[in-house]
Amino acid sequence: MPKIFTIQGSYPFCFYVRCYLPAIYSGQMTVSEFLRKDADISKARILEKANEADIIVFQRPSSKPSYELARLLQQKGKKIVFDNDDSYSGIPLARLGSEKQVEIAMELGKNLNDFVKMADGVTVSTKYLADEYRKINPNTIVLKNCIDPLDEFPCKENTTGKFRVGLIGSVTSNDDYNHIKDQLRQLDERGDVTLVIMGVKYSDGTIMPSMQEDCDFWASLKNVEWHPVVHVTEYMMTVANLALDLAIIPRKEHDFNRAKSNLKFLEMSLLHIPVLAQGFSDGTSPYQGVDEPYLTIVRDNTQWYNSIINILGKYPEYVSLADKAYKYVVENYSIKTYAPYWRDQIIKLVNK
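How each quantity is defined
Residues numbered from 1 in each chain as written. Predicted model: local features only at pLDDT ≥ 70, side-chain atom pairs only at ≥ 80, totals over all residues. Heavy atoms only, no water. Core = buried A, V, L, I, M, F, W, Y, C linked by side-chain atoms within 4.5 Å. Buried < 20%, exposed > 50% of the residue type's maximum accessible area, 1.4 Å probe, protein only. Helix = DSSP H or I, 4+ residues; strand = E, 2+ residues; numbered from the N terminus. Contact = heavy atoms within 4.5 Å. Pairing = 2+ DSSP bridges. Polar contact = N/O pair within 3.5 Å; in protein donor to acceptor, adjacent residues only side chain to side chain. Axes fitted to C-alpha atoms, helices over the stretch in contact; angles between N-to-C directions. Left-handed = near helix turned anticlockwise from the far one by under 90°.

1. Concerning the nonpolar core
- Within the largest apolar cluster, 79 residues are counted, with the highest numbers of intra-cluster contacts made by Leu184, Trp218, Val239, Ile248 and Phe265.
- The dominant element in this core, judged by the number of residues it contributes, is helix α13 (residues 335–350), at 8 residues.
- When sequence neighbours within four positions are dropped, the list of residues in contact with Val239 reads Ile168, Met198, Leu244, Met268, Leu271 and Ile273.
- Residues Val31, Ala50, Val122 and Tyr133 belong to the second largest nonpolar core, which totals 26 residues.

Next up, the structure:
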């Protein structure tokens with residue numbers, strides 16, 4: 001069987017889901033050191049492993065050196081696969097804060113598209129993103145994001161006396177909560193709800209790039225509890241320790257979010273946390289569709305506050321729904337089950 005080697009891009013969370021887990025559970029080759037905090041993987045080390053493989057998967061290769069390395073390996077007879085979990089094409093550039101940051105984002109987008117054109121095959125997480133990349137490279141397939149059952153941790157019990165509503169990761173920034181700011185302030189004023197934020201800041205207290213505006217908003221709230229971003233290997237355990245009653249996933253309606261996967265729903269469901277997620281007017285939200293019976297969708301953006309308070313008032317029903325979501329996710333999105341299919345589809349993709 002052909003050997004597959006995966007190379008991490010700039011996003012360890014994407015690499016963990018898109019490459020590391022499939023590799024571990026399917027017998028693909030990978031470099032596990034990528035996930036260590038102190039990892040120092042040299043170009044020589046990467047070339048050594050790549051030369052031992054037949055197929056090289058680059059996860060979101062947005063740099064020119066990645067492109068040049070892929071071309072070199074392709075010339076040596078290796079098959080090159082481009083993998084991505086979402087797209088730069090829909091990023092709201094005005095939100096990036098400076099002309100230089102906009103220039104960088106546009107350059108990253110160009111690098112990705114150049115790589116897609118060159119690749120022998122493309123793998124992505126959603127049909128929406130596949131349709132986008134097929135315009136550049138028709139040899140594109142969907143390999144859905146999955147969870148590792150070993151990432152299940154018992155959630156800490158909420159003993160605070162307040163309903164704990166979590167906003168995790170990307171939804172704490174990038175305009176994704178701006179359309180419900182007033183409703184978040186309304187929740188903050190109640191006194192019986194705590195907004196638990198995980199993101200925007202690093203563990204040393206510094207603010208993530210381009211997120212000063214987000215930082216100022218969250219800091220303006222009274223009933224907010226703030227947690228920094230953590231390393232991917234600590235993520236699920238950290239979320240479990242937040243003692244959340246509910247996770248909310250607001251999303252601004254644009255192409256970047258249409259291309260996103262349902263990964264946040266999968267993660268929260270693995271932890272038995274009820275989910276309230278964004279629905280889009282055209283039905284393309286990553287949370288609308290086959291997963292809908294197992295989470296709650298907000299289609300009318302004026303109803304976020306009311307939906308949260310409704311869940312608070314009928315909470316046992318939503319705990320039951322989260323338990324059903326857990327069983328559904330483990331049965332339908334386990335990488336232990338899906339990884340061999342993932343491996344076989346990559347091999348088939350590059351041998352068409």
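2. Considerations on the pairing of strand β9 (residues 246–249)
- The alternating pattern of β9 places Leu246 and Ile248 on one face and Ala247 and Ile249 on the opposite face, and all of these are buried.
- Relative to β9, strand β6 (residues 163–168) is paired through 2 bridges, and the arrangement is parallel. Its bridge partner lying in β9, Val165 is registered against Leu246.
- As paired strands, β9 and strand β10 (residues 275–278) are joined by 3 bridges and run parallel to one another. What sits directly across from Ala247, in β10, is Val275.

3. Re the environment of Gln212
- Inspection of the secondary structure assignment puts Gln212 in helix α7 (residues 212–219).
- In the structure, Gln212 is positioned 77 residues away from Gly289 in sequence and 35 Å away in space, judged by C-alpha atoms.
- A distance of 2.8 Å separates a polar atom in the side chain of Gln212 from a polar atom in the side chain of Asp216.

4. Describing the packing of helix α2 (residues 43–51) against helix α3 (residues 64–75)
- Across the interface, α2 lies against α3 with an axial gap of 12 Å and an inter-helix angle of 30°. As for the relative orientation of α2 and α3, their crossing is right-handed in sense. Contacts between α2 and α3 involve Ile46, Leu47, Ala50 and Asn51 from the former and Leu69, Leu72 and Leu73 from the latter.

5. Some thoughts on unusual backbone geometry
- Of note in this structure, Val200 is not a glycine but carries a positive phi near 75°.
- Relative to the helices and strands, Val200 is located in the loop between β7 (193–198) and α7.
- With a phi close to 55°, Ala243 is a non-glycine residue in the positive phi region.
- With respect to the helices and strands, the residue Ala243 is situated in the loop between α8 (235–240) and β9.

That is the geometry; function is a separate question.
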